[in-house]
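# Inside the fold
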Amino acid sequence: MTLTQPDRATTTNDPQWWKSAVVYQIYPRSFADSNGDGIGDLPGIRSRLDHLQELGVDVIWLSPIYRSPHADNGYDIADYHDIDPVFGSLADFDALLADVHERGMKLVMDLVVNHTSDEHPWFIESRSSTDNPKRDWYWWRPARDGFAPGDPGAEPTNWESFFSGPTWTLDETTGEYYLHLFDTKQPDLNWENPEVRQAVYAMMRWWLDRGVDGFRMDVINLISKDTALPDGAPGVSGVGNGFPYYANGPRIHEFMQEMHREVFDGRDGEHLTVGEMPGVTWQDAVLFTDPARHELDMVFQFEHVNLDHGPGGKFDPHPMRVSDLKASLGRWQRELGTTGWNSLYLSNHDQPRSVSRFGDDGLHWRESATALATVLHLHRGTPYVYQGEELGMTNAPFATVGELRDVESLNHYRESVIAGHEPDTVLSAIRHIGRDNARTPVQWDDSPQAGFTTGIPWIGVNPNHTWLNAAAQRDDPASIYQHYRRLIELRHTLPVVAHGDFTMLLADHPTVYAYERHHEDTTLLVVANLAGDAVDVELDVESYDLLLSNTEDCVAPSAERLALDPWEARVYITTSS
Ligand code: TEU
Ligand code: CA
């Protein structure tokens with residue numbers, strides 16, 4: 001098939017333009033460094049826009065670039081209206097936005113408003129006294145009844161933070177505790193207070209007025225909490241699980257509708273909103289994404305990226321089976337149906353590299369990366385590509401804890417070793433699931449720092465950049481990069497990819513992922529062997545034409561049987577007249 005120039009989503013006037021769009025996530029710290037300080041920045045991104053334009057993506061989502069002390073790499077914001085000097089200036093931002101728009105792409109900002117940095121002026125005021133007008137902008141509580149502040153167990157609830165330790169920190173100034181679901185430097189905003197909500201909406205309008213095209217909303221389903229703040233049932237670690245009381249709280253849909261009204265109603269232009277929602281169920285996701293309810297365009301759900309977590313949580317590795325992945329993704333396809341809308345992702349800055357986790361980053365590296373991409377991108381929903389995924393970047397061989405940078409991994413390591421766990425075992429779990437895997441610099445070429453920086457990178461470059469890099473793949477038709485380019489083009493050119501329904505095939509097969517998409521008179525059939533052994537399946541493709549595959553020499557199917565090599569993926573199409 002000859003593929004034409006991508007018909008970009010930006011050229012339509014459709015409120016649901018994002019159905020035929022593909023989003024690319026940039027983690028600015030690790031993308032491209034322009035000034036040799038070892039940290040990626042906005043001019044660095046500007047210098048690499050050709051790579052994204054050739055790939056054909058429609059939207060860029062930037063992880064946070066606001067002023068921040070970087071306790072959590074920018075997910076701790078000290079000023080929502082300025083760019084952190086390490087990334088550049090507002091002038092650099094405006095220049096980047098103009099370049100992105102000029103190339104027919106859109107730019108979506110990360111919106112981190114469940115919490116701020118403890119260095120945000122709002123929190124500095126709030127902590128200054130119990131009668132400060134901003135006191136109620138955060139969650140302040142006295143020590144538990146019968147305990148003195150600072151006593152062991154005096155925390156107002158027994159909840160455990162996402163980043164280890166209690167979710168409460170005592171502030172000596174007033175002798176009260178503040179709530180932080182994440183790091184101690186990330187105090188939670190109190191969304192019950194209408195002034196907080198209005199301040200956030202005003203800030204969002206400020207960015208839209210500046211020209212940005214939407215928001216990826218960080219842990220947005222955690223903003224409504226049960227105001228009674230009950231203790232949680234003790235989990236495996238003995239610490240309380242507060243999740244039922246702070247996730248998908250009683251006012252979450254009300255807040256999302258209010259935000260939509262206050263920020264997006266009556267605005268011209270095409271926006272994209274996606275809510276990151278740990279623990280969201282498909283039932284809730286339908287409510288969040290039903291266009292008639294005016295909440296969000298789509299959500300990031302976590303079911304499929306939690307399949308390899310054991311009872312002890314993410315650092316307790318559990319084998320992942322293809323059949324579990326099929327069951328999970330298939331359920332979301334089915335249940336979001338035609339009312340809601342899916343986000344499709346296998347990786348982001350919080351997850352290990354998808355080819356290492358779901359595929360085979362050794363022998364079948366190229367085939368497994370392209371098979372996984374094929375399966376994901378042709379689902380119903382909006383696909384997200386995380387930087388380097390389009391090159392098949394892999395997990396990093398972190399040799400010592402000294403090579404790690406992430407606050408979550410470092411806290412977990414410290415707490416586990418104090419608790420008596422074997423350091424090597426702890427490190428091996430971190431190597432498997434830790435977020436730093438996704439944060440090593442993008443591998444542009446085979447030069448000493450992979451073309452990322454002329455200085456010393458803030459986190460080590462993966463040694464495999466000598467052969468795994470963008471320069472080596474750009475003009476190679478068999479490369480992972482070129483395969484992603486073709487998949488993106490299919491979404492732009494074939495209505496069945498953007499709009500077709502979804503039917504799972506071979507649902508009980510342990511390793512073959514197969515499904516059909518129908519739209520008007522077109523049927524697309526996607527089949528992929530997600531395992532390292534050749535396989536033969538009962539699938540009749542005789543009435544179809546082969547549209548795309550990830551191997552050079554596809555064996556022609558015999559009647560009713562299809563033989564697939566390890567990690568082989570094929571896409572067939574047929575049109576009935
Ligand atoms: O992540 C929220 C989240 O629930 C997890 O994916 C998180 O990364 C953690 O690994 C749970 O174990 C969002 C951001 O994407 C993440 O980078 C931030 O650290 C976090 O919120 C706090 O802002
Ligand atoms: Ca820099």
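Heads up: the structure comes first, above all this text.
### Concerning helix 11 (residues 365–377)
Given a rise of 1.5 Å per residue, 13 residues ought to cover 18 Å, and the 18 Å separating the end C-alpha atoms of helix 11 matches this to within 8%. Burial analysis of helix 11 places 11 of its 13 residues in the buried class, which makes it a mostly covered element. Residues of helix 11 that are buried include every one of W365, S368, A369, T370, A371, L372, A373, T374, V375, L376 and H377, and no others.

### Describing the coordination of the calcium ion (ligand 2)
Donor atoms from the polypeptide that coordinate the calcium ion (ligand 2) comprise D33 (OD), N35 (OD1), D37 (OD), I39 (O) and D41 (OD), at 2.3 to 2.4 Å from the metal. For the calcium ion (ligand 2), the donor residues sit on a single chain with the sequence spacing D-x1-N-x1-D-x1-I-x1-D. For D37, a relative accessible area of 37% gives the class partly exposed.

### Topic: the pattern of salt bridges
Enumeration according to the criterion identifies 37 salt bridges in this entry. Among the ionic pairs, E119 bridges to K185, the shortest N-O distance being 2.7 Å. Of this pair, E119 sits in the loop between strand 5 (106–111) and helix 4 (121–128) while K185 sits in the loop between strand 8 (176–179) and helix 5 (194–210), and the two are 66 residues apart along the sequence. In this structure, E408 engages R435 in a salt bridge whose closest nitrogen and oxygen atoms are separated by 3.5 Å. Note that E408 is positioned in helix 12 (residues 407–418) and R435 in the loop between helix 13 (423–433) and helix 14 (470–473), a separation of 27 residues in sequence.

### Focus: a negative patch on the surface
Judged by side-chain charge, E54, D475, D476, E552, D553 and D565 come together as a negatively charged surface patch. Tracing the backbone through its elements, the reader meets D565 in the loop between strand 23 (561–564) and strand 24 (569–575).

### Details of the packing of aromatic side chains
A complete count under the given rule lists 29 aromatic pairs for this structure. Look at F123 and W140: their rings are 5.7 Å apart centre to centre, the planes differ by 10 degrees, and that puts the pair in the stacked class. Linking F123 in helix 4 with W140 in strand 6 (residues 140–141), this pair joins segments that are 17 residues apart in sequence. Accessibility expressed as a relative area gives 0% for F123, which makes it buried. On the basis of relative accessible area, W140 is assigned to the buried category, the value being 7%. Through a chain of ring-to-ring contacts, the aromatic side chains of Y66, Y80, F93, W122, W137, W206 and W207 assemble into a single cluster. Directly above the aromatic system of W458 lies the positively charged group of R29, at a separation of 4.6 Å from the ring centroid.

### A closer look at the sheet that holds strand 24
Read from one edge to the other, the open sheet built from five strands follows the order 18-19-20-24-22, with strand pairing classed as antiparallel. At either end of the open sheet lies a strand with only one pairing partner, and these are strand 18 (501–505) and strand 22 (545–549). For this sheet the average axis-to-axis angle between neighbouring strands, irrespective of direction, equals 20 degrees. Looking at chain direction, strand 22 and strand 24 are connected through four bridges and run antiparallel.

### Quick word on the site of ligand 1
Residues in close proximity to ligand 1 total 19 residues, the closest being D72, D218, D350, E408 and R435. Within the side chain of R435, one N or O atom sits 2.8 Å away from an oxygen atom of ligand 1. Against a free-state accessible area of 490 Å², the protein chains account for coverage of 95% of ligand 1. Grouping the amino acids of the shell around ligand 1 by side-chain chemistry returns seven nonpolar, three polar and nine charged.

### Quick look at the packing of helix 7 (residues 252–264) against helix 8 (residues 282–289)
Two elements in contact, helix 7 and helix 8, have axes whose closest approach is 11 Å; the angle formed by their N-to-C orientations is 25 degrees. One finds that helix 7 runs roughly parallel with respect to helix 8. Regarding helix 7 and helix 8, the two cross each other, and that crossing is right-handed. Only D284, L287 and F288 of helix 8 make contact with helix 7, whose side of the interface consists of I252, H253 and M256.

Thresholds applied
Residues numbered from 1 in each chain as written. Chains lettered and ligands numbered in written order. Predicted model: local features only at pLDDT ≥ 70, side-chain atom pairs only at ≥ 80, totals over all residues. Heavy atoms only, no water. Helix = DSSP H or I, 4+ residues; strand = E, 2+ residues; numbered from the N terminus. Expected span 1.5 Å × (residues − 1). Buried < 20%, exposed > 50% of the residue type's maximum accessible area, 1.4 Å probe, protein only. Donors = N, O, S within 2.8 Å, 3.2 Å for Na, K, Ca; no water. Salt bridge = Lys/Arg side-chain N within 4 Å of Asp/Glu carboxyl O. Patch = residues over 30% accessible without salt bridge, like charges linked within 9 Å, V, L, I, M, F, W, Y side chains within 5 Å. Areas by Shrake-Rupley, 256 points an atom, 1.4 Å probe, with all protein chains shown as cover. Lys, Arg positive; Asp, Glu negative; His and termini not counted. Charge placed at Lys NZ, Arg CZ, Asp CG, Glu CD. Phe/Tyr/Trp six-rings, centres within 6.5 Å; stacked < 30°, edge-to-face > 60°. Lys NZ or Arg CZ within 6 Å of the ring centre and 35° of its normal. Pairing = 2+ DSSP bridges. Axes fitted to C-alpha atoms, helices over the stretch in contact; angles between N-to-C directions. Near = heavy atom within 4 Å. Polar contact = N/O pair within 3.5 Å; in protein donor to acceptor, adjacent residues only side chain to side chain. Nonpolar A, V, L, I, M, F, W, Y, C, P; charged D, E, K, R; others polar. Parallel < 35°, antiparallel > 145°, perpendicular 65-115°, else oblique. Left-handed = near helix turned anticlockwise from the far one by under 90°. Contact = heavy atoms within 4.5 Å.

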